[in-house]
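# A structural walkthrough
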Amino acid sequence: MNAPTALAEHEAIVTDVGAPGASTTGPSSTDSMTSVWEPACAVADLEPSWGEAALLRARQIALFLVSGEEIYAVSHQDPHTDAPVMARGIVGSRGERPTVASPLHKEVYDLATGECFTNPALVLQTFRTRVVGGMIEVELPL
Amino acid sequence: MSENAIAPREVVIVGGGPAAHRLADALHSRDDERAVHVTVVSEEPHLPYDRVALSKRLDGTTDLTLEPTSVWDDDHVSLLLGERAESIDLEAGTVTTASGRAIGWDDLVFATGSSAPVPEIPGSELAKVYRTIDDVDWLVAEVDRLAVALGRPARVLVAGGGLLGLEAAGGLARRGADAAVVHSGSWLMSAQLDEGAGRALGRIISSQGIALHLGTRPRAIESDESGAVTRVVFSSGQSADVDIMIFAIGISPRDELAAAVGLELGPRGGVAIGTDCRSSHPRVWAIGEVASFDGRCTGLVAPANAMAEVVADRLLGGAAEFTTVDDATKLKLSGVDVASFGDALARTEHALEIVYADPARGLYQKLVMTDDAKTLLGGIFVGDASPYASLRPLLGSELSNEPAAYLSAAGMEPPAGDELPAEALVCACNNVAAGTVRDWVNGVHGDACTDLGELKACSRAGTQCGSCVPLVKKILESELSKSGIAVSRALCEHFALSRQELFESVRVTGLTSFDEIIGRFGTGRGCDVCKPVVGSILASQNDGYILDGGRGTLQDTNDRAMANMQKDGTYSVVPRIPGGEITPEKLGVIAAVATEYGLYTKITGGQRIDMFGARLDQLPEIWRRLVDAGFESGQAYGKALRNVKSCVGSTWCRYGVQDAVGMAVELELRYRGLRAPHKFKFGVSGCARECAEARGKDVGIIATEKGWNMYVGGNGGFQPAHAQLLVSDLDDETLIKYIDRYMMYYIRTADRLQRTARWMEEIEGGLEHVYDVVVNDSLGLADELEAAMAKHIDGYEDEWAATLADPERLRRFRSFVNAPNTPDPSVARVMERGQARPARADEVASERVVLSGPRIPIRGE
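Residues numbered from 1 in each chain as written. Chains lettered and ligands numbered in written order. Predicted model: local features only at pLDDT ≥ 70, side-chain atom pairs only at ≥ 80, totals over all residues. Heavy atoms only, no water.

### Let's talk about the sheet that holds strand 7 (residues 107-110) of chain B
Residues and elements named next belong to chain B. Read across the sheet, five strands follow the order 3-2-1-7-19 without closing on themselves; strand pairing throughout is parallel. Two strands bound the open sheet, and with one partner strand each, they are strand 3 (77-81) and strand 19 (284-286). Going from strand to strand, the sheet's axes swing by 20 degrees on average, the running direction of each strand aside. Contacts from helix 1 (residues 18-30) reach strand 1 (9-14), strand 2 (36-42) and strand 7 within the one sheet, and its direction differs from that of strand 2 by about 165 degrees. (Pairing = 2+ DSSP bridges. Helix = DSSP H or I, 4+ residues; strand = E, 2+ residues; numbered from the N terminus. Axes fitted to C-alpha atoms, helices over the stretch in contact; angles between N-to-C directions. Contact = heavy atoms within 4.5 Å.)

Spelled out as structure tokens, the structure:
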């Protein structure tokens with residue numbers, strides 16, 4: 001389990017999945033002026049470990065309900081080929097870290113950080129999620 | 001070193017068999033300084049081929065050409081085919097060929113091999129021999145011709161109950177001939193086997209329907225007015241009706257050219273050589289069957305290869321020596337396991353013989369030991385030769401356990417821990433020692449060879465007769481585990497079990513969900529390796545809709561959408577077209593669907609039609625049209641039966657002898673939807689012309705006059721393999737029974753993503769083991785395997801029809817969870833040769849894209 005720790009003060013944020021450009025943006029330094037929490041779908045709309053794509057502000061986002069309320073959002077676009085397919089990858093784990101494998105060439109990414117285990121040159125964009133009133137919200141940069 | 005650094009030394013090899021090939025190849029690969037130019041003079045019209053494997057040619061037109069053939073392309077190697085050397089001039093250093101060509105040499109190598117002798121008896125001019133490709137091709141044609149002309153199987157009598165004779169008789173029997181063997185010894189293979197072993201072998205051979213005439217020999221061959229053989233009379237006074245008489249009673253060295261120029265010959269013929277492989281003339285050498293070493297010529301490939309290596313070394317200035325002849329032999333006949341090595345007949349003084357014999361099971365195993373029962377001197381195996389590969393290299397060394405413990409027939413596990421000494425010979429054919437194999441594994445010679453195929457190619461071990469492959473594999477595994485490379489057959493970090501173990505565990509426990517299975521047998525959350533394996537295992541065992549009950553999340557890319565994902569994330573759709581047979585009306589449906597959805601169409605290699613470019617959310621609509629028109633899923637996306645390819649067969653073809661299309665349709669409908677460790681394909685050909693290319697399939701079925709021949713383990717792909725003959729002349733019912741058993745056994749025991757060809761290579765005992773399991777039911781599994789298949793067949797439902805029938809299932813095909821009716825806006829198409837294809841990145845950038853979305857009209861270019 002990649003338990004969220006630093007975000008305890010945000011009661012609504014259930015799972016921290018790291019923010020885009022994690023090197024400059026720490027998890028708790030989200031600026032409400034440059035990002036927006038966009039509702040995607042109900043938690044109940046997702047089947048555990050079965051990824052689905054969502055169309056949010058003209059962006060294609062892949063959503064994964066891993067278990068309970070552990071939810072990850074990443075770019076639906078495969079970093080290697082640019083094809084919009086990531087939601088259709090197999091979810092799993094590497095050690096303690098949650099993963100998704102690209103359905104095209106099977107690169108394996110950390111769902112929380114976007115780091116690629118099989119090819120360090122690739123990065124999958126990740127987005128923070130939270131659950132508000134049974135709805136999954138994804139934090140998108142403006 | 002060459003005495004002349006500029007002009008290369010001319011080496012002429014007379015003869016174009018395996019010994020000549022080996023020498024030319026050894027010189028080619030070792031002669032870095034280009035000091036030698038080689039000319040091979042061969043009277044046969046074929047590239048040098050593998051004579052050891054001649055019997056394979058009886059099973060079909062197998063290409064026996066010896067690898068590598070690249071040696072013949074080198075400009076330092078000239079190969080003269082169809083040129084017979086007629087005379088030699090030792091003084092002038094020339095060879096003159098039948099066409100009058102004179103070739104100068106600095107060194108001359110005799111590799112003329114031997115001829116098959118035919119005794120001088122009445123009618124001997126009508127007898128044939130079994131020696132060359134042309135001999136075998138003639139035999140095959142004649143056996144087929146006689147079967148038609150006589151309306152019954154041709155009767156073939158083979159004189160000689162040694163290796164060659166038994167292989168010939170076995171191969172001819174498999175081809176449908178009525179084969180018999182006459183042998184002058186009191187038991188078969190009397191030169192290599194003792195009486196107990198020879199009799200055990202005799203029982204096995206007889207049980208294959210081959211008649212044996214032992215302790216006698218042909219005295220006369222009788223014929224009718226037309227000159228056709230009719231009868232053979234034996235020295236015992238008895239006789240047999242015979243159509244074809246073949247002699248395979250030994251070899252006589254082709255030493256006539258050597259004799260003509262006065263070279264010293266061996267006491268029983270052959271060019272006499274010393275340990276340097278040199279004849280009595282300092283510039284003339286001899287290798288292979290024509291070479292007489294220690295007073296005798298040997299008709300085995302291992303010494304021939306060793307001699308070739310010695311001469312290559314000597315010609316390049318080395319001092320290698322040929323010391324002993326390894327007589328080890330293993331008979332390669334389907335369903336027969338025979339091997340002998342070392343002092344098999346216990347001629348050593350005070351030698352002990354440890355024997356296990358079980359006539360009821362047709363088993364005979366013997367080890368010959370020194371008088372203190374410690375050192376291994378030799379052995380014989382009949383009926384079960386599994387200990388042979390690991391014991392033969394231990395010849396001459398002390399065994400660490402009681403000898404009886406090594407006899408597998410006694411039901412014991414062979415003791416582990418006999419680390420082979422580095423110099424122990426693993427591959428006798430190619431003279432590869434255990435140490436050499438280990439060096440290749442450990443990367444001493446460059447990149448480490450960590451898989452069996454690679455290791456065989458690099459070390460050459462196991463590439464000739466193949467009998468040492470299990471041992472090579474064992475060495476590979478023990479070296480890899482020593483160096484810490486995981487040979488563990490574990491699937492991945494989540495499961496320490498191999499696929500086979502997991503399959504059995506799931507079967508025994510009856511678990512049906514991934515969470516239970518990983519909770520019980522693994523750790524973590526799984527991954528893209530183990531999840532599809534579990535998905536496949538559950539599908540093989542339980543049938544049921546593959547995306548229900550949480551199993552959807554286990555499926556690999558294509559299974560998940562029940563379509564094949566293409567590079568841009570859209571899918572291709574392949575309806576099943578059983579046997580490649582389709583009505584014009586159904587073709588019209590495919591055309592209409594493809595037109596409506598703007599799909600690119602292409603004929604597949606498997607006699608089907610593939611429609612490309614469907615978005616995920618379009619798949620249900622497309623399948624609704626197809627299912628309504630009577631199509632069902634072709635499972636082109638599954639590790640499952642793909643298709644059964646067929647030729648048109650006897651229905652239309654003037655050559656066909658069976659209904660190939662009918663059989664193909666029946667098989668495709670029987671095995672459709674069956675999930676396996678990897679995809680698999682069948683082929684059915686209506687006659688021996690094999691237009692369906694069935695031997696490139698996992699199961700290939702080729703019609704004969706009497707039924708069907710079943711071939712197994714064929715494979716296209718990046719490591720192609722020809723399927724091998726499993727059983728001949730089956731009726732429909734038996735054929736299907738054997739396919740049921742074969743496929744289920746494969747599904748249960750293969751590794752992840754291992755196709756049947758690799759599986760048969762890796763499985764202990766190879767083809768013979770599989771034959772035993774499938775035909776002889778040696779594991780007692782036949783009923784269970786057939787029942788498992790019957791369960792699958794009963795439980796089959798079309799996955800797409802099942803999807804369309806359930807709205808919950810259809811939800812999986814929505815484009816976006818929050819906008820299920822919005823098509824993926826990023827799909828972009830360009831027209832090419834009249835059809836739409838995915839736009840390339842540069843075309844997207846330059847806005848040359850002409851089509852996106854389902855029914856958007858195409859903007860002309």
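Still to come is the rest of the account.
### A look at the pattern of salt bridges
Residue and element names in this part refer to chain B. Counted by the stated rule, this structure contains 61 salt bridges over all chains. A salt bridge links Arg34 to Asp74; the nearest nitrogen and oxygen atoms lie 2.9 Å apart. Highlighted residues: Arg34 in the loop between helix 1 and strand 2 and Asp74 in the loop between strand 2 and strand 3, separated in sequence by 40 residues. Residue Arg34 is classed as partly exposed on the basis of its relative accessible area of 38%. (Salt bridge = Lys/Arg side-chain N within 4 Å of Asp/Glu carboxyl O. Buried < 20%, exposed > 50% of the residue type's maximum accessible area, 1.4 Å probe, protein only.)

### Notes on the packing of aromatic side chains
All names here are of chain B. For the coordinates displayed, the defined rule picks out 12 aromatic pairs over all chains. Note on Phe341 and Phe381: the rings are 6.3 Å apart at their centroids and 10 degrees apart in plane angle, and the pair reads as stacked. Of the two residues, Phe341 sits in strand 22 (residues 336-342) while Phe381 sits in strand 25 (residues 376-382), which places them 40 residues apart along the sequence. Classification of Phe341 as buried rests on a relative accessible area of 1%. The class for Phe381 is buried, based on a relative accessible area of 0%. Directly above the aromatic system of Trp138 lies the positively charged group of Lys128, at a separation of 4.5 Å from the ring centroid. Positioned above the aromatic ring of Phe631 is the side chain of Lys586, whose terminal nitrogen or guanidinium carbon lies 4.8 Å from the ring centre. (Phe/Tyr/Trp six-rings, centres within 6.5 Å; stacked < 30°, edge-to-face > 60°. Lys NZ or Arg CZ within 6 Å of the ring centre and 35° of its normal.)

### Quick notes on the confidence of the model for chain A
With 77% of its residues at a pLDDT of 70 or more, chain A shows a mean pLDDT of 81. Taken as a whole, residues 1-29 of chain A scores under 50 in pLDDT and shows 53 contacts with residues more than four places along the chain or in a different chain. (pLDDT = per-residue confidence, 0-100.)

### Some remarks on the interface of chain A and chain B
Facing the 38 residues of chain A at the interface are 35 residues of chain B. Interface area for chain A against chain B, summed over the two sides, is near 2800 Å², with a carbon-plus-sulfur share of 50%. Considering only the side of chain A, the residues that lose the most area to chain B are Trp50(A), Arg88(A) and Ile90(A), jointly responsible for 29% of the buried surface there. Where chain A touches chain B, the interface holds four salt bridges. Between Glu47(A) and Arg812(B) there is a salt bridge, with its nearest N and O atoms 2.9 Å apart. Broken down by secondary-structure element, the contributors of at least two residues to the side of chain A that touches chain B are strand 1 (35-42), strand 2 (52-56), strand 3 (59-67), strand 5 (90-94) and strand 6 (97-101) of chain A. Partitioned by chemical class, the residues of the side of chain A that touches chain B number 23 nonpolar, eight polar and seven charged. (Buried area = accessible area lost by both parts, 1.4 Å probe. Nonpolar A, V, L, I, M, F, W, Y, C, P; charged D, E, K, R; others polar.)

### Structural notes on the packing of helix 11 (residues 499-509) of chain B against helix 12 (residues 514-521) of chain B
Residues and elements named next belong to chain B. The interhelical angle for the contact between helix 11 and helix 12, taken along N-to-C directions, is 115 degrees, at an axis separation of 12 Å. Taken together, helix 11 and helix 12 sit at an angle that is classed as roughly perpendicular. Both helix 11 and helix 12 take part in a crossing whose hand is right-handed. Contacts from Leu502, Ser505, Val506 and Thr509 of helix 11 reach helix 12 at Ile517, Arg520 and Phe521. (Parallel < 35°, antiparallel > 145°, perpendicular 65-115°, else oblique. Left-handed = near helix turned anticlockwise from the far one by under 90°.)

### Focus: the environment of Ile736(B)
Residue and element names in this part refer to chain B. With respect to the element layout, Ile736 can be found in helix 18 (residues 732-749). Sequence spacing of Ile736 and Glu666 is 70 residues, and the spatial spacing of their C-alpha atoms is 9.7 Å. The residues contacting Ile736, other than those within four sequence positions of it, are Glu666, Leu667, Arg670 and Tyr671.

### Thoughts on the pairing of strand 12 (residues 211-214) of chain B
Residues and elements named next belong to chain B. Here strand 11 (residues 178-183) pairs with strand 12 via four bridges, running parallel. Across the sheet, Ala180 pairs through a bridge with Ala211, a residue of strand 12. After leaving strand 11, the chain enters helix 4 (residues 195-207) and then returns to the sheet as strand 12, a path that is right-handed. (Right-handed = clockwise from strand over helix to strand, strands pointing away.)

### Notes on the UniProt feature "binding site: [4Fe-4S] cluster" (unreviewed entry) in chain B
Residue and element names in this part refer to chain B. Within this numbering scheme, the UniProt entry marks Cys647, Cys653, Cys687 and Cys691 as carrying the feature "binding site: [4Fe-4S] cluster" (unreviewed entry). In three dimensions, the annotated residues from a span of 45 residues occupy one location, with a maximal C-alpha spread of 11.0 Å. Structurally, Cys687 can be placed in the loop between strand 33 (680-685) and strand 34 (699-704). For Cys687, a relative accessible area of 9% puts it in the buried group. Not counting residues within four places of it along the chain, the set of residues in contact with Cys687 comprises Tyr655, Gly656, Val657, Ile702 and Ala703. (UniProt positions renumbered as here; feature names shortened; annotations may be inferred.)

### A closer look at the state of the cysteines
Scanning the model with the defined rule gives zero disulfides over all chains in all. Free cysteine Cys449(B): the closest other cysteine sulfur is in Cys458(B), separated by 3.4 Å. (Disulfide = S-S within 2.5 Å.)

### Topic: the sheet that holds strand 3 of chain A
Residue and element names in this part refer to chain A. Ordered in space as 2-3-4-8, the four strands form an open sheet in which the pairing is antiparallel. Each of the sheet's edge strands pairs with one partner strand only, and the pair in question is strand 2 and strand 8 (126-127). Here five bridges tie strand 2 to strand 3, and the two strands are oriented antiparallel to one another. Along strand 3, the bridge assignment pairs Leu55 with Gln60.

### Structural notes on helix 11 of chain B
Residue and element names in this part refer to chain B. Looking only at helix 11, the buried set comprises Arg499, Leu502, Phe503, Ser505 and Val506. Buried residues of helix 11, seen end-on, are gathered within an arc of 165 degrees and therefore sit on one face of the element. Phi for Gly510, located one or two positions after helix 11, is positive at around 70 degrees. (Arc of directions from axis to C-beta.)

### Quick notes on the nonpolar core
All names here are of chain B. Counting residues in each nonpolar core, the largest one holds 65 residues, and the members touching the most others are Leu502, Leu667, Phe682, Ile739 and Tyr742. In terms of residue count, helix 18 provides more of this core than any other element does, 10 residues in total. Residue assignment places this core across two domains, with domain 4 (499-555) and domain 5 (639-799) each supplying three or more. Apart from the residues within four sequence positions on either side, Tyr742 is in contact with Asp698, Val699, Met710, Val712, Gly713, Thr756, Trp759, Met760, Val770 and Val774. Formed by 50 residues, the second largest nonpolar core is a distinct cluster that contains Ile103, Val109, Ala258 and Ala308. (Core = buried A, V, L, I, M, F, W, Y, C linked by side-chain atoms within 4.5 Å. Domains from an automatic or database assignment.)

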